[in-house]
Amino acid sequence: MRRLLAFLLLATACSSGGPPATRPGPSDPPVIILVSIDGFRPDYLGRGVTPTLDSLARVGVRAEWMEPSFPSKTFPNHYTIVTGLRPDHHGIIANNIRDSVLGSFSMSNRAAVQEARWWGGEPVWVALEKAGRPASAMFWPGSEAAIGGVHATHWLPFDGRMPEADRVDSLLAWLDVPAARRPGLLTLYTAAVDNAGHAFGPGSPRLADSLALADAMVTRLVAGLRAHRLADRVNLLVVSDHGMAPVGPDRVIALDDYISLDDVTVNDWGPAVMLAPAPGRAAAVYAALRGAHPALDVYWKQDVPGRLEFGTHPRVPAIVAIAREGWTVTSRARIDRVTPGGNHGFDNALPSMRALFLASGPAFRRGVVLPAFPNVDVYPLMMHILGLEPAPNDGSLEPLRAALRP
Ligand code: AMP
Ligand code: ZN
Ligand code: ZN
């Protein structure tokens, strides 16, 4: 089995089958497939249910871990990976945001996610389209908006119920064109592991089914690439946005034990809680919350610790309260709804928040283990592979150079 997988992953032009229209030539333009397995912790590898991912980690490039950006949430981090900007700089500062002009943003608000003015910076797919090459988003935060007036050539409104196999098949169909018209970047996304991590917690044996499902998605992708004779042509990046920490009803902070909820608008309940005080109430709210609970660190936005690189964006409200690992912030009215399971959004330096990074393909050496690096570095890596000039960003190619072929 292992041998078969290694063969699938390293298959070269001598593989049989596949349409002649996609037969690779030596000067084909570079292609990246960027796969996100939401909430996949690097220590989920090697549990006996992810043979393809384990094989990729062994024969390709693997980071010991990738450090997410703060807050360690889905939308901020997915958009960081494709822009190289910290959430504080691209403006998707949480999953739920308030902006004085644009109003409210949430992941399920289609009108908001499709409004380009929420999305700062320039994602890789926009740079690629502007350079005259197509890009394809099989779901990615930001891909539903025409950022800088530009959509990826292929994109779909997010549909969490679309089976993973159908996502892979859509992506493969977009690839199945002559090399000159092939997308330079294709994204692929699954939430299965994040959903199971929230429901059961990262240590639960019940996570296994979701890990297997994510692995099956990547296996189908790799087999499809081989059938298209692209297995040796495509640079495959498999990443996650953040990890997962166990939570439970024994570690809950009810905000209204300390302040009146009439004194604040809670833009996001956290674990990085975004608190916009009512006019004239800021000092009172801050004084009441600061030091109120040992598992809640409370800051004025300008005093958030520098290593979190957070607090300068106008969308960050005046007070940021950060729950310690494993704690849930809620209100008395909702306190009974806190169930055992997992969550993320905590301090991005915590081991439980670590994210996955795997890479293989013609741009990469084989069998390389990289020391940890921050997820802002994925953007300069992708721009380098695609031969595009990176926009100003918070990342660096340096930590990844050792993984690149000369
Ligand atoms: P989080 O609350 O940070 O755990 O977010 C994870 C959830 O984000 C997943 O369960 C997905 O349903 C949702 N999600 C992921 N990508 C998108 C997207 N492009 N549009 C809307 N929702 C998404
Ligand atoms: Zn996520
Ligand atoms: Zn999640």
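Because the structure is predicted, anything quoted here is derived from the model rather than measured.

Caption draft 1: Structural view of the coordination of the zinc ion (ligand 2). Ligation of the zinc ion (ligand 2) by protein atoms is provided by Asp38 (OD), Asp38 (OD), Thr74 (OG1), Asp241 (OD) and His242 (NE2), these donors lying 2.0 to 2.7 Å from the ion. Counting gaps between the donor residues of the zinc ion (ligand 2) yields the pattern D-x35-T-x166-D-H. If you look at the zinc ion (ligand 2) and the zinc ion (ligand 3), they sit 4.2 Å from each other. Placement of aspartate 38 in the loop between strand S1 (31-37) and helix H2 (51-59) and of threonine 74 in helix H3 (residues 74-83) is noted, with a sequence separation of 36 residues between them.

Caption draft 2: How the structure looks around the coordination of the zinc ion (ligand 3). For the zinc ion (ligand 3), every protein donor is listed as Asp194 (OD), Asp194 (OD), His198 (NE2) and His344 (NE2), and the spread of their distances is 2.0 to 2.3 Å. One chain supplies every donor for the zinc ion (ligand 3), spaced along it as D-x3-H-x145-H.

Caption draft 3: Examining the domain arrangement of the protein chain more closely. Under the domain assignment, the protein chain is made up of domain 1 (2-246 + 349-403) and domain 2 (249-338). Of the residues lining the interface, 23 residues belong to domain 1; the matching set on domain 2 comes to 21 residues. Summing the contributions of domain 1 and of domain 2, the shared interface buries around 1,800 Å²; its carbon and sulfur component is 53%. On the surface where domain 1 and domain 2 come into contact, there are two salt bridges. The salt bridge partner of arginine 86 is glutamate 309, with a shortest N-O separation of 3.4 Å.

Caption draft 4: Broad picture of the pairing of S1. The buried count for S1 comes to seven of seven residues, which makes it a mostly enclosed element. A two-sided burial pattern is seen for S1, the buried positions comprising Val31, Ile33, Val35 and Ile37 on one face and Ile32, Leu34 and Ser36 on the other. Note: S1 against strand S9 (residues 234-239), six bridges, orientation parallel. Looking across to S9, one finds that serine 36 is bridged to valine 239.

Caption draft 5: Examining unusual backbone geometry more closely. In this model, phenylalanine 70 is joined to proline 71 through a cis peptide bond whose omega is -5°. The linkage connecting glycine 270 with the following residue, proline 271, adopts the cis geometry, with an omega of 25°. Secondary-structure assignment places proline 271 in the loop between strand S12 (264-269) and strand S13 (272-277). In this structure, phenylalanine 139 is a non-glycine residue whose phi angle is positive, near 75°. Along the chain, phenylalanine 139 turns up in the loop between strand S6 (135-138) and strand S7 (154-155). With phi around 45°, glutamate 309 is a residue other than glycine that occupies positive phi space.

Caption draft 6: Looking closely at the packing of helix H7 (residues 164-175) against helix H9 (residues 208-227). Their axes nearest at 9 Å, the elements H7 and H9 cross at an angle of 25°. If you check the angle between H7 and H9, you find them roughly parallel. Note on packing geometry: the crossing formed by H7 with H9 is right-handed. Residues Glu164, Ala165, Val168, Asp169, Leu171, Leu172 and Leu175 of H7 touch H9, and the partners they reach there are Leu213, Met217, Arg220, Leu221, Gly224 and Leu225. For the contact of H7 with H9, the class distribution of residues is nine nonpolar, one polar and three charged.

Caption draft 7: Expanded view of the environment of histidine 313. As for its placement among the helices and strands, histidine 313 is situated in the loop between strand S14 (296-300) and strand S15 (319-323). Among residues more than four places away in sequence, those in contact with histidine 313 are Asp88, Gly91, Ile93 and Lys301.

Caption draft 8: View of helix H8 (residues 192-200). Of the residues making up H8, those classed as buried are Ala192, Val193, Asp194, Ala196 and Gly197. Against S1, H7, strand S8 (185-190), H9 and strand S17 (341-343) lie the buried residues of H8. The positive-phi residue at the C-terminal boundary of H8 is glycine 201, with phi of around 95°.

Caption draft 9: Focus on the site of ligand 1. Within the structure, ligand 1 sits among 16 residues, and Thr74, Asn95, Tyr189, Asp194 and His344 are positioned closest to it. Asparagine 195 is positioned such that a nitrogen or oxygen atom in its side chain is 3.1 Å from an oxygen atom of ligand 1. At 3.0 Å, a side-chain N or O of histidine 198 approaches an oxygen atom of ligand 1. Considered on its own, ligand 1 offers 500 Å² of accessible surface; in the complex 84% of this is hidden by protein. Applying the majority rule of atoms within 2 Å of the grid points places ligand 1 in the largest pocket. Listed by contribution, the elements that provide at least two residues to the shell around ligand 1 are H3 and H8. Examining the composition of the shell around ligand 1, we find that three residues originate from one element, H8, more than from any other. Its residues assigned to classes, the shell around ligand 1 shows seven nonpolar, five polar and four charged.

The rules behind these values
- Residues numbered from 1 in each chain as written.
- Chains lettered and ligands numbered in written order.
- Predicted model: local features only at pLDDT ≥ 70, side-chain atom pairs only at ≥ 80, totals over all residues.
- Heavy atoms only, no water.
- Donors = N, O, S within 2.8 Å, 3.2 Å for Na, K, Ca; no water.
- Helix = DSSP H or I, 4+ residues; strand = E, 2+ residues; numbered from the N terminus.
- Domains from an automatic or database assignment.
- Contact = heavy atoms within 4.5 Å.
- Buried area = accessible area lost by both parts, 1.4 Å probe.
- Salt bridge = Lys/Arg side-chain N within 4 Å of Asp/Glu carboxyl O.
- Buried < 20%, exposed > 50% of the residue type's maximum accessible area, 1.4 Å probe, protein only.
- Pairing = 2+ DSSP bridges.
- Axes fitted to C-alpha atoms, helices over the stretch in contact; angles between N-to-C directions.
- Parallel < 35°, antiparallel > 145°, perpendicular 65-115°, else oblique.
- Left-handed = near helix turned anticlockwise from the far one by under 90°.
- Nonpolar A, V, L, I, M, F, W, Y, C, P; charged D, E, K, R; others polar.
- Near = heavy atom within 4 Å.
- Polar contact = N/O pair within 3.5 Å; in protein donor to acceptor, adjacent residues only side chain to side chain.
- Areas by Shrake-Rupley, 256 points an atom, 1.4 Å probe, with all protein chains shown as cover.
- 1 Å grid on protein atoms, 1.4 Å probe; cavity = no way out; pocket = protein on both sides within 12 Å on 5 of 7 lines; lining within 4 Å.
- Sits in = over half its atoms within 2 Å of the grid points.

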